[in-house]
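What the coordinates show
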Amino acid sequence: MDNTPLPETIISSRPTHRFRQTLRDLVAYRELFRAFVARDIKVRYKQTALGVIWVLLQPLMASGIFAVVFKQIGAMQEATAMEALLFFMAGLVPWNTFQMAVNSASSSMETSANLITKVYFPRMVVPGAYVVGSALDFFIGLILFLGIGLYAGMPVWWVVLGVPLLLPIQMASAAGIGLFFAAL
């Protein structure tokens, strides 16, 4: 028999600093987090027939449909077709990323239940990896948006300045909502 002592778990009646402990756990399991993010990205693009093209087509098609419909009903009479397309893409690219991050984080505990029940690791790693993995779709859509904006001659420099400020807020919101629903 091996005589090495097992790690002790001390249960204290004093309140602990859960947030700091959660951060320490996430730092300690950062390699596992990276592996989950890589797995999510590989699975997402390997299972689709179109792969990255679908990430490009989804906001482009939806924005095009919105632009045509709103031009027809007269809500955007002054705007050109390209301006209307960019207007809707500016909203749909972040929204699609947010929606996908919340959906995948919400169902992440259920899809990874076999792993969660067998091995210990911080449970926040699983939904967090899905949220971080969805950021790749955002950057692909952002490149498409910037490309169309530059082609149309629109000033898109403000988007590049706003992304580092707004993307962390979007990802934190998606993680919070996704964690809430994952816990249910």
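The model shown is predicted, which means the values in this text are computed figures rather than measured ones.

**Brief notes about the packing of aromatic side chains**
Across all of its chains, the model carries nine aromatic pairs by this definition. With centroids separated by 5.2 Å and ring planes inclined at 80°, the aromatic side chains of Phe 87 and Phe 88 adopt a geometry described as edge-to-face. Given a relative accessible area of 13%, Phe 88 falls into the buried group. Of the aromatic side chains, those joined through ring pairs into one cluster are Phe 66, Phe 70, Phe 87 and Phe 88. Arg 44 extends its terminal NZ or CZ atom over the ring of Tyr 45, reaching a point 5.8 Å from the ring centre.

**Topic: the pattern of salt bridges**
When the charged atoms of two side chains lie near each other, side chains of opposite charge can form a pair. Evaluation of the coordinates by the stated rule reveals three salt bridges. Of the charged contacts in the structure, one is a salt bridge between Asp 40 and Arg 44, with a shortest N-O distance of 2.6 Å. Here Asp 40 and its partner Arg 44 are both found in helix H2 (residues 30–46), four residues apart, which amounts to about one turn of the helix. Using a relative accessible area of 18% as the deciding quantity, one classes Arg 44 as buried. Where Asp 137 meets Arg 44, a salt bridge forms, and the shortest distance between an N and an O atom there is 3.1 Å. Placement of the pair is Asp 137 in helix H7 (residues 125–152) and Arg 44 in helix H2, with a sequence separation of 93 residues. For the pair formed by Asp 137 and Arg 44, the shared burial category is buried.

Rules of the game
Residues numbered from 1 in each chain as written. Predicted model: local features only at pLDDT ≥ 70, side-chain atom pairs only at ≥ 80, totals over all residues. Heavy atoms only, no water. Phe/Tyr/Trp six-rings, centres within 6.5 Å; stacked < 30°, edge-to-face > 60°. Buried < 20%, exposed > 50% of the residue type's maximum accessible area, 1.4 Å probe, protein only. Lys NZ or Arg CZ within 6 Å of the ring centre and 35° of its normal. Salt bridge = Lys/Arg side-chain N within 4 Å of Asp/Glu carboxyl O. Helix = DSSP H or I, 4+ residues; strand = E, 2+ residues; numbered from the N terminus.

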